[in-house]
Every structure is written in C-alpha cells, then in structure tokens.
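# A look at the structure
Okay, here's what each chain looks like letter by letter:
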Amino acid sequence: MRLVVFKSRLKLTSLVLCFAFILSTFTFGLTAQAKTTSELREERDRIQSEINSAQNKIDSLAKEKAETEEYLSALRSKISLLQDKIDSLESEKASLQADIDAIQYNIDKTVAEIEKNQKEIDEKQAEFDKSYELYCQRLRAMYVSGTASNLEVLLTCTDMSAMLTRSQMIKSVSQQDSKILDDLMKKMEEIEKKKQELEVKNNELNEDKDKLEESKKELQSSIDEINSSKSELDAQAAEANALMRKISNKQSEYMELIETNRDQIREIENEINQAISGAGSYGSGSGQLRYPTDSRTVSAGYPNYSSGAYHGGIDFPVSTGSNVYAAASGRVIIVKYLDYSYGYYVLIDHGDGLSTLYAHNSQILVSQGQTVSAGQIIAKSGSTGNSTGPHCHFEVRVNGNRVSPWNYL
C-alpha cells in the first residue's frame with residue numbers, strides 16, 4: 001500500500017512544474033492582452049461618442065424630413081465613424097484571438113513536454129521500484145533468518161582477520177541502509193511539499209481559467225457588436241445612397257455611391273500604386289492634358305463635392321455610350337471590370353510620373369499594355385460601379401498621388 005501511495009505522490013510532483021510553466025505563460029498572455037484591449041476599448045468608446053453625436057444630428061434633421069445635403073453629410077459622417085468603429089472592433093477581436101491562440105499554443109506545447117517528462121519519470125520510477133524491491137527482499141530475509149546483534153556477529157569470528165572483515169561489512173551495510181532511508185524520507189518530504197504547492201497552483205489555475213472564459217465572452221461580445229455595427233452601417237449606407245440618387249436627379253450632380261468595404265478600396269489603391277510603380281514612371285508629373293469627354297460641363301469637382309465630402313477627381317456628366325478619350329499619349333497599365341467602386345475603369349501612364357484614370361465606363365475599348373495616342377477613344381461612358389448616374393470620373397495622379405486635374409486641363 002505504501003508503495004502505491006508513494007508512486008502516486010511522485011507522479012503528482014512531476015505535474016507541479018508543468019502546471020507552473022502553463023501558469024507563467026498563461027498569466028503573461030493575459031497581462032499583455034489587458035493593456036492592448038484597454039487601449040482599443042478607449043478608442044472604441046471615443047468613436048461611439050462621436051457616432052452618438054452624429055446620430056443626434058441625423059435625428060434632428062430627420063424631424064424636418066428634408067432631403068438635403070446637410071442631412072446627407074450627417075449620414076456620411078456617421079457611416080465613416082461606424083467604419084472606424086468596426087475597424088477598432090476588428091483590431092480588438094484580433095488582439096483577443098491572438099492571445100487566446102498563444103495560450104492554446106503554449107498549452108499544446110506543455111502537454112507534449114508533459115508526455116515526454118512522464119515517460120522519463122516512468123523510466124526512473126521503474127529503476128526506483130527495482131531498487132526498492134531488492135531492499136525490501138533484504139529486510140524480509142533478515143527478518144526470516146532472525147535478528148542478530150553486531151556483537152554476536154563479531155564474537156562468532158574464528159580469528160582477528162575475520163572479525164575485522166565482518167566489522168567493515170557491518171559498517172558498510174549500516175551506512176548504506178541509513179543513506180537509503182534518508183533519501184526515501186527526503187523524497188517523501190519533497191513530494192508532500194510539492195503536493196501543497198500543486199494545490200495552490202491548481203487554485204490559481206482555476207482563477208486564470210475563469211479569466212480566460214471571461215476573455216472568450218468579451219471576444220464573442222466584440223464579434224456580436226461587429227455584426228450589429230455592420231448591419232447598422234449597411235442600413236445607413238443604403239439610406240445615404242438612396243438620398244444621393246435623389247439629390248443627383250434634382251441637381252444633376254452625379255456622385256460616387258458610398259462603398260462600405262474598406263478592404264476593397266484599399267485593394268484597388270494598392271493595385272493602382274503597384275501598376276504605377278511597375279511602369280517605372282517617376283518625375284515631376286508635368287504635361288498638358290486634353291478633356292476626356294466632348295462635354296465641358298462638370299457635375300462634381302476636385303477635391304470635394306458640393307456637400308463637402310471628398311472627391312478625388314472631376315466628374316463630366318455625359319449620356320451612357322458617349323466617347324471617353326485618352327487625355328494624352330501613353331500606355332494602358334490597368335483595365336478592370338468591377339461591379340463596385342470605379343466600376344469599369346482604365347489607368348494610363350503618360351511618363352514623367354503622370355497618369356490618368358477613367359472610371360464608371362459602360363465599355364472599355366483598349367487592353368492592358370496597349371499604347372494609345374492623345375484623343376484616342378479608349379472607352380464608352382456609363383454608370384458602372386458605385387455611381388448615381390452616367391458620367392466620366394476623371395482623375396490625375398502624380399507618382400500615384402491624386403492631384404487637381406484643373407492644373408493640367
């Protein structure tokens with residue numbers, strides 16, 4: 001029975017160090033998480049406060065039932081803030097998930113180490129059991145043969161030489177027995193001490209597990225809030241886009257509809273910059289450009305709409321199918337057919353860092369890599385992508401950056 005208890009206690013001891021390692025990495029992950037998440041929450045709260053202010057303005061204007069640009073501007077402001085909030089929530093979600101993944105990685109790693117250590121412990125336990133059994137057999141043999149004092153053993157010697165030999169053997173056996181017993185007692189005391197430490201660490205582990213569960217709940221809360229914010233964003237964008245169409249019909253100011261997918265916008269910009277960079281065209285961006293359409297009427301200028309919202313180019317309102325001309329000679333570096341953002345668009349590199357972009361076309365008549373001359377028909381106008389009506393959205397870029405087209409026309 002003692003042997004069984006001893007083995008169990010020894011195995012428990014081996015687990016203490018493993019739990020200690022788990023707790024140290026676990027606690028570190030939670031500490032790092034708390035700081036990062038706290039900063040993200042402060043940012044989210046700030047954005048939410050601004051969203052509330054924008055909503056108050058929307059509610060105030062909505063009471064008047066006025067389909068005005070002021071109301072549209074308030075909607076745009078809230079939509080932008082909602083997108084900021086979603087970005088912040090996504091960062092918070094990523095931070096929480098990264099910490100949880102790190103903890104899980106450490107746990108998996110520790111489990112593997114536990115298995116390895118347990119194998120080594122089992123091997124050492126087998127060696128101990130063998131030595132312990134031999135020691136027990138010796139004690140049983142001494143008991144069966146009867147007890148004899150050291151004096152009796154010495155007095156039965158026939159000569160002095162035998163007496164000295166037996167005396168040395170008795171001393172050696174006595175020292176060995178004493179060392180074995182001392183080692184066993186020391187191990188038992190260590191096991192008892194580690195068992196107490198294990199109990200403390202188990203309590204700490206349970207507390208940390210509770211913290212982990214709380215973090216998981218916070219993660220789920222962030223996910224739920226992201227989904228809710230996205231639904232609100234979509235609803236507000238739909239209202240804003242419908243209102244823009246009405247304003248466009250009344251004022252003949254065609255506008256780009258609100259695109260709520262920032263990832264798609266960033267992807268388009270990255271592709272444009274990569275194409276311009278790949279063309280190897282850098283310089284002052286000097287040059288003279290011709291108008292991209294036969295019409296000289298402008299429905300929206302650079303850099304803002306009449307509402308104040310940013311507008312990166314100039315819009316020429318023309319009927320669907322009207323000619324779109326290359327503003328200067330150059331090489332076509334992008335031809336895209338999108339059902340969002342710019343829609344069907346063309347990007348032409350003119351050298352010296354200068355490039356032009358033509359968006360929302362109904363047809364594209366050139367291909368990527370093609371060389372075009374100034375005034376060549378490159379597309380037919382339309383209203384593809386995010387557009388409230390048929391027009392040519394015209395941009396001028398220098399080394400990839402939008403600039404005022406008025407400086408070149």
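Residues numbered from 1 in each chain as written. Predicted model: local features only at pLDDT ≥ 70, side-chain atom pairs only at ≥ 80, totals over all residues. Heavy atoms only, no water.

### Looking at the layout of surface pockets
Within this model, the largest pocket holds a volume of roughly 790 Å³. Together, 25 residues line the largest pocket, and Leu257, Ile258, Glu259, Ile265 and Tyr310 are the ones closest to its centre. Put simply, the parts of the chain that give the lining of the largest pocket at least two residues each are helix 2 (69-145), helix 5 (262-279) and strand 9 (391-398). At 5 residues, the largest contribution of residues to the lining of the largest pocket is made by helix 5. Looking at the lining of the largest pocket residue by residue, the classes come out as 9 nonpolar, 8 polar and 8 charged. (1 Å grid on protein atoms, 1.4 Å probe; cavity = no way out; pocket = protein on both sides within 12 Å on 5 of 7 lines; lining within 4 Å. Points joined across faces, edges and corners; volume = space filled by probe spheres on them. Helix = DSSP H or I, 4+ residues; strand = E, 2+ residues; numbered from the N terminus. Nonpolar A, V, L, I, M, F, W, Y, C, P; charged D, E, K, R; others polar.)

### As for the confidence of the model for the chain
Per-residue pLDDT for the chain has a mean of 75; in total, 63% of the residues score no lower than 70. Contacts from residues 1-34, a stretch scored under 50 in pLDDT, to residues over four places away or in other chains number 53 contacts. (pLDDT = per-residue confidence, 0-100. Contact = heavy atoms within 4.5 Å.)

### Some thoughts on the packing of aromatic side chains
All chains considered together, the criterion is met by 4 aromatic pairs. Summarising the aromatic geometry, the rings of Tyr291 and Phe316 are spaced 5.7 Å apart at their centres and angled 75 degrees between planes, so their arrangement reads as edge-to-face. Placement of Tyr291 in the loop between helix 5 and strand 1 (314-317) and of Phe316 in strand 1 is noted, with a sequence separation of 25 residues between them. Residue Tyr291 is classed as partly exposed on the basis of its relative accessible area, which comes to 22%. (Phe/Tyr/Trp six-rings, centres within 6.5 Å; stacked < 30°, edge-to-face > 60°. Buried < 20%, exposed > 50% of the residue type's maximum accessible area, 1.4 Å probe, protein only.)

### Notes on the environment of Val324
Tracing the chain through its elements places Val324 in strand 2 (residues 323-325). It is 9.9 Å that separates the C-alpha atoms of Val324 and Phe394, two residues lying 70 residues apart in sequence. Residues within four places of Val324 in sequence aside, it is in contact with Pro292, Tyr358, Asn361, Gln376, Ile377, Ile378, Ala379, Lys380, Ser381 and Cys392.

### A few points about the nonpolar core
Soluble globular proteins tend to bury their nonpolar side chains together. Core analysis: the biggest nonpolar cluster contains 23 residues, and Leu289, Val346, Ile348, Tyr358 and Ile378 have the highest contact counts within it. Taken together, the elements giving at least two residues each to this core come down to strand 1, strand 3 (330-337), strand 4 (344-351), strand 5 (354-361), strand 8 (377-380) and strand 9. At 4 residues, the largest contribution of residues to this core is made by strand 9. Apart from the residues within four sequence positions on either side, Leu289 is in contact with Ala327, Ala328, Leu354, Thr356, Phe394, Val396, Tyr408 and Leu409. Among the nonpolar cores identified, the runner-up in size contains 22 residues, and Leu81, Leu243, Ile247 and Met255 belong to it. (Core = buried A, V, L, I, M, F, W, Y, C linked by side-chain atoms within 4.5 Å.)

### Considerations on the sheet that holds strand 8
Overall, antiparallel pairing links the 3 strands, which are arranged 2-8-6 in an open sheet. The open sheet has two edge strands, strand 2 and strand 6 (363-364), and neither has a second partner. Pairing geometry for strand 2 and strand 8, over 3 bridges, is antiparallel. In the sheet register, Val324 faces strand 8, and the bridge partner there is Ala379. (Pairing = 2+ DSSP bridges.)

### Description of helix 5
In this model, helix 5 (18 residues) spans 26 Å end to end at C-alpha, consistent with the 26 Å of a helix rising 1.5 Å per residue. Residues of helix 5 that are buried: Ile268, Glu269, Ile272, Ala275 and Ile276. Each buried residue of helix 5 sits inside an arc of 125 degrees when the element is viewed along its axis, so together they form one side. Among the exposed residues of helix 5, those pointing more than 90 degrees away from its buried face are Asp263, Gln274 and Gly278. The residue sitting at the N-terminus of helix 5 and contributing the capping side-chain oxygen is Asn261; that oxygen lies 3.1 Å from the backbone nitrogen of Asp263. (Expected span 1.5 Å × (residues − 1). Arc of directions from axis to C-beta. Polar contact = N/O pair within 3.5 Å; in protein donor to acceptor, adjacent residues only side chain to side chain.)

### Looking at the pairing of strand 5
Counting buried positions along strand 5 gives 8 out of 8 residues, so the element sits mostly inside the fold. Pairing between strand 4 and strand 5: 6 bridges, direction antiparallel. What sits directly across from Ile348, in strand 5, is Thr356. In sequence, strand 4 turns back onto strand 5 through a hairpin of 2 residues, with Asp352 there showing a positive phi of about 60 degrees. With 6 bridges connecting them, strand 5 and strand 9 associate as antiparallel partners. Residue pairing for strand 9: Thr356 is matched across the bridge by Val396.

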